[in-house]
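Reading the structure
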Amino acid sequence: MADLQDERPDTGLVPVGPGSLGAEDVPAAPLPGALDRAAALLSVHPVADGCNTLVWALRQNPYHDLDTPEAGIDTDIPRLRAGGVGAQFWSLLTPREADAADQVVADTLEQIDVALALMRRYPDSLCLALSADDMADARNRGRIASFLGPVPGRTLTDALGTLRAFHALGVRILAPAGAPWAQEGLTAFGHEVVREANRLAVLLDLAGCPAPAACQLAGASKAPVIVSNTAAAALNPYPGNVTDEVLLALRAANGLAMVTFDTARTGDSLHAVADHVEHVRAVAGPHCVGLGATFGTAPGHPRPTGLVDPSGYPKLIAELLDRGWPEADLALLTWGNAQRVLRDAEFTARAAQHRRTAAP
């Protein structure tokens, strides 16, 4: 679209960039009109958020009303709408560690059931999405496209039937972190998992994977991989933040690193989060950066100022506009990169299925 090119009005002001402020300085407020421009952009290119843990929270409080903002949790439909969220990856991971594989599977199935019940309860706002086309269709109908996943890779032990069953239930994302087949490096079974995930168009989410395993997974997968919630280790070497090595591997694999809004990982200000977004963009490229805030928690979870719930997304977009980001790059950040990764995964799946049927 023409309005997404470099046709923004000349304000005569110098954009604020990383390193332009001293440690003692307070980041300047967005320039006049930046929030309006951010809202206009999000109305066309809404946020595809890579990580929200609401499903687990609803297991603890099943009567929470998402139509009404409440103090008990940071995610509800009004705040998702206010933040311009148009697609959501609903995490099906659980915070507790289960020793037995069958308990992990049982927990995951219960998470899937809660997520599907959530969509049935709010059909005017949420709809299950299985593909990039579903994502676009939901946006066009004014609904939030809801993707199931990731599910834990630990559910897969020595057979692929569990992955196929999850796929049949609507799951489209798998997290290898913690799985015995992807810890020190991919085992023979791990390579089978990657091939089957590619065939099913199930995205691999490398969040929490050690750097060597993440790089190996990115290289082994024929489809793009994602990191659903992370930040730049070069700016903050917090556990789970991605190194530049991993970002370069994502760039080579046309993958996607989605920046979180977690104070421990990014810092305690909107400005700090924007620094992480800019670093990921600089290293991985504008086509490989996205947003995965990790909302869905109870109040009190440390959040950067201005980004305490999903309604804060326009403030981040306004900050990036003030730093001189072209609107075309912002459209990729919020929506385009996530949709492209899904489409690429589907293309890879169709190609794999064609090769299988064409084999003698």
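Residues numbered from 1 in each chain as written. Predicted model: local features only at pLDDT ≥ 70, side-chain atom pairs only at ≥ 80, totals over all residues. Heavy atoms only, no water.

A look at the environment of Leu250
Stated formally: Secondary structure elements follow DSSP: runs of H or I of four or more residues count as helices, runs of E of two or more count as strands, with numbering from the N terminus. Partly exposed describes any residue whose relative accessible area lies between the buried limit of under 20% and the exposed limit of over 50%, with all areas from a 1.4 Å probe on protein chains only and scaled to the type maximum. Should any heavy atoms of two residues lie within 4.5 Å, those residues are considered in contact.
Of note, Leu250 is situated in helix H9 (residues 244-252). Assessed through its relative accessible area of 1%, Leu250 is described here as buried. Not counting residues within four places of it along the chain, the set of residues in contact with Leu250 comprises Val225, Val227, Gly255, Leu256, Ala257 and Cys288.

Some remarks on the pattern of salt bridges
Put simply, the test is: A carboxyl oxygen of Asp or Glu within 4 Å of a side-chain nitrogen of Lys or Arg is what we treat as a salt bridge.
Tallied over the full model, the rule gives 15 salt bridges. Where Arg37 meets Glu327, a salt bridge forms, and the shortest distance between an N and an O atom there is 3.6 Å. Of this pair, Arg37 sits in helix H1 (residues 34-44) while Glu327 sits in helix H13 (residues 327-358), placing them 290 residues apart in sequence. Residue class for Glu327 comes out buried when judged on its relative accessible area of 10%.

Focus on the pairing of strand E8 (residues 226-230)
Put simply, side chains in a regular strand alternate between the two faces of the sheet. Worth spelling out the cut-off: Any two strands between which DSSP finds at least two bridges are classified as paired.
With five of five residues buried, E8 is to be regarded as a mostly interior element. Pairing between E8 and strand E9 (residues 256-259): three bridges, direction parallel. Each residue of the ladder has a partner; that of Thr230, found in E9, is Val259.

Some points on the side chain of Asn337
Definition in use: Polar contact criterion, stated in full: a pair of N or O atoms within 3.5 Å, where within protein one must be able to donate a hydrogen and the other to accept it, and residues adjacent in sequence count only if both atoms are side-chain atoms.
Within the secondary structure, Asn337 sits in helix H13. Under the relative-accessibility criterion, Asn337 is labelled buried at 1%. In this structure the side chain of Asn337 is engaged in a polar contact, spanning 2.9 Å, whose partner is the backbone oxygen of Pro286. Setting aside its immediate chain neighbours within four residues, Asn337 contacts Leu256, Pro286, His287, Cys288, Val289 and Leu332.

Quick look at helix H8 (residues 211-220)
Of the positions making up H8, those classed as buried are Ala213, Ala214, Cys215, Leu217 and Ala218. In this fold, the buried residues of H8 make contact with helix H7 (188-200), strand E7 (203-204) and H9.

A few points about the sheet that holds E7
In spatial order, the strands read E5-E6-E7; together these three strands make up an open sheet with parallel pairing. The two strands at the open ends of the sheet, each matched to only one other strand, are strand E5 (151-152) and E7. Taken together, the two bridges between strand E6 (residues 173-175) and E7 define a ladder with parallel strand orientation. Looking at E7, one finds that Leu174 is bridged to Leu204.

Focus on the nonpolar core
One broad trend across soluble globular proteins is that nonpolar side chains are buried collectively. Applicable threshold: As used in this record, nonpolar core signifies buried Ala, Val, Leu, Ile, Met, Phe, Trp, Tyr and Cys residues forming a set joined through side-chain atoms within 4.5 Å.
Among the nonpolar cores identified, the biggest contains 83 residues, and Leu174, Trp181, Leu206, Phe261, Val277 and Leu333 are the most heavily contacted of them. By residue number, the principal contributor to this core is helix H11 (residues 270-284), which donates seven residues. If we skip the residues at most four places from it in the chain, Leu174 touches Pro150, Val151, Pro152, Gly153, Leu156, Leu163, Trp181, Val193, Val202, Leu203, Leu204 and Asp205. Counting 21 residues, the second largest nonpolar core, distinct from the first, contains Ala48, Cys127, Ile226 and Trp335.

Details of the confidence of the model for the protein chain
Our working rule: As a per-residue quantity, pLDDT reports the predictor's confidence and falls between 0 and 100.
Here the protein chain averages 89 in pLDDT, and 88% of its residues register 70 or above. Confidence drops under pLDDT 50 across residues 1-25; counting only partners more than four residues distant or on other chains, this segment forms 30 contacts.

Concerning the packing of helix H6 (residues 161-168) against H7
So the rule is basically this: Where helices are involved, their axes are fitted lines through C-alpha atoms of the stretch in contact, as for all axes, and angles between N-to-C directions lie from 0 to 180°. Roughly parallel here means an angle under 35 degrees, roughly antiparallel means over 145, roughly perpendicular means 65 to 115, and every remaining angle is called oblique. Crossings are assigned a handedness: left-handed for a near helix turned anticlockwise from the far helix by less than a right angle, right-handed for a clockwise turn. Charged residues are taken to be Asp, Glu, Lys and Arg, nonpolar residues to be Ala, Val, Leu, Ile, Met, Phe, Trp, Tyr, Cys and Pro, and polar residues to be all remaining types, Gly included.
Two elements in contact, H6 and H7, have axes separated by 11 Å at closest approach and are oriented at 20°. The pairing of H6 with H7 is recorded here as roughly parallel in orientation. The hand of the H6/H7 crossing is right-handed. Contacts between H6 and H7 involve Leu163, Arg164 and His167 from the former and Val193, Glu196, Ala197, Arg199 and Leu200 from the latter. Looking at the contact of H6 with H7 residue by residue, the class counts come to four nonpolar, one polar and three charged.

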